[in-house]
Amino acid sequence: MYLPRIALLATLLMLPACAALPPGQRDAHDPFERVNRSMYRFNVAADRAVFRPTAQLWRAAVPEPVRSGLDNFAVNLSYPTTIVNDLFQGKFTDGGRDLSRLLVNSVFGLGFFDPATAAGLERHQEDFGQTLGKWGVHSGPYLMLPLFGPSNLRDAPAKLVDNFTDARTYLSDPYARWGLWVVNKAQLRAKLLDSDALLERAYDPYALVRSAWLQHREYAVRDGNVDASESDLPADEEAPPPDQP
């Protein structure tokens, strides 16, 4: 399943601020809210001090084709994670298409270009956390991780498993390995710069991020087959109907 993470997050950030619970009430998905809010404040401070300025400099100093090419290269190296989890989830057709996508972009795109999309092989995004969710493992409580951001008790340790299927892990040169990681994160943050103002205008940015991430993650685990009547999210965390602002 293809998940345009940036577009989806930007859309969810436009949810009304009423997504926050009334004072004194706890969200059932967030029993560690006090600790999570403290971690969120730490992440915001780190973003303002380091990550946002780095992303702004990255976008201003590096031409878009170069940014896109380096990002494609990093994504291409990490793409075996998606292929492996396609297979773990029994998505053999997607697995075959994703393997073809990897080969096309590696051979004809040299890793820096994306001819596979033009050929109709769209990008998917799968990870071990989604695989566990697919096979019925409960997400557990919401967690705000230092520097890594939103997660939950199921997905946080699953990231360690994903490292073993990411080709970047096996690069012998640490400068290349960490350089690609920095490039990927800088490009991701740069794509989110235009959404910053939406978040800053929110009455409770923490609750808004939590609501957006929970819905995004459920959408990913269920391959988009999300029915509001079956959702695990509380009623006040549901997205508004399409005709609402």
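To be clear, the structure that these remarks concern was listed above.
Computed from a prediction, not measured in an experiment: that's the story for all the values here.

Student: Describe a nonpolar patch on the surface, with residues and values.
Tutor: Taken together, the side chains of Phe42, Val50, Phe51, Leu147, Phe148, Trp178, Trp181 and Val182 define a hydrophobic patch exposed on the protein surface, amounting to about 830 Å² of accessible area. Of all elements in the fold, only helix H2 (33-61) and helix H9 (174-191) reach the threshold of two or more residues within the nonpolar patch. Assignment of secondary structure puts Trp178 in helix H9.

Student: Quick rundown of the packing of aromatic side chains? Include the residues and the values.
Tutor: For the structure on display, the rule yields six aromatic pairs. Members of the aromatic cluster, connected to one another through ring pairs, are Tyr40, Tyr142, Tyr206 and Trp213. Here the guanidinium or amino end of Arg101 rests over the ring plane of Tyr79, the centre of that ring lying 5.7 Å away.

Student: Account for helix H4 (residues 80-88), with residues named and values stated.
Tutor: Residues Thr81, Thr82, Ile83, Asn85 and Asp86 constitute the buried set of H4. Against the buried residues of H4 lie helix H3 (64-78), helix H5 (92-107), helix H7 (128-134) and helix H8 (155-163). Two residues or fewer after H4 comes Gly90, characterised by a positive phi angle close to 80°.

What counts, and at which threshold
- Throughout, a residue's number is its position along its own chain's written sequence, starting from 1.
- Reporting of local features is limited, given that this is a predicted model, to residues whose pLDDT is at least 70; pairs of side-chain atoms are given and counted only at 80 or more, and all residues count toward the totals for whole chains, interfaces and linings.
- Note: side-chain values were computed over all heavy atoms of the structure, leaving out hydrogens and water.
- Within the patch definition used here, like charges are joined within 9 Å and nonpolar side chains (Val, Leu, Ile, Met, Phe, Trp, Tyr) within 5 Å, considering only residues with over 30% relative accessible area and no salt bridge.
- Note on areas: these come from Shrake-Rupley sampling with a 1.4 Å probe, and a residue is covered only by the protein chains present in the view.
- Salt bridge, as used here, is a side-chain nitrogen of Lys or Arg placed within 4 Å of a carboxyl oxygen of Asp or Glu.
- Where helices and strands are cited, they refer to DSSP runs of H or I of at least four residues and of E of at least two residues respectively, numbered from the N terminus.
- The aromatic pairing rule takes the rings of Phe, Tyr and Trp, using the six-membered ring of Trp, and pairs them if the centres are within 6.5 Å, calling planes under 30 degrees apart stacked, those over 60 edge-to-face and the rest tilted.
- Two limits define a charge over a ring: the Lys NZ or Arg CZ must be within 6 Å of the ring centre, and within 35 degrees of the ring normal.
- Categorising residues by exposure relies on relative accessible area from a 1.4 Å probe, with only protein chains included: less than 20% of the type maximum marks a residue as buried, more than 50% marks it as exposed, and the intermediate range marks it as partly exposed.
- The contact definition used throughout considers only heavy atoms, calling two residues in contact when any of these lie within 4.5 Å.

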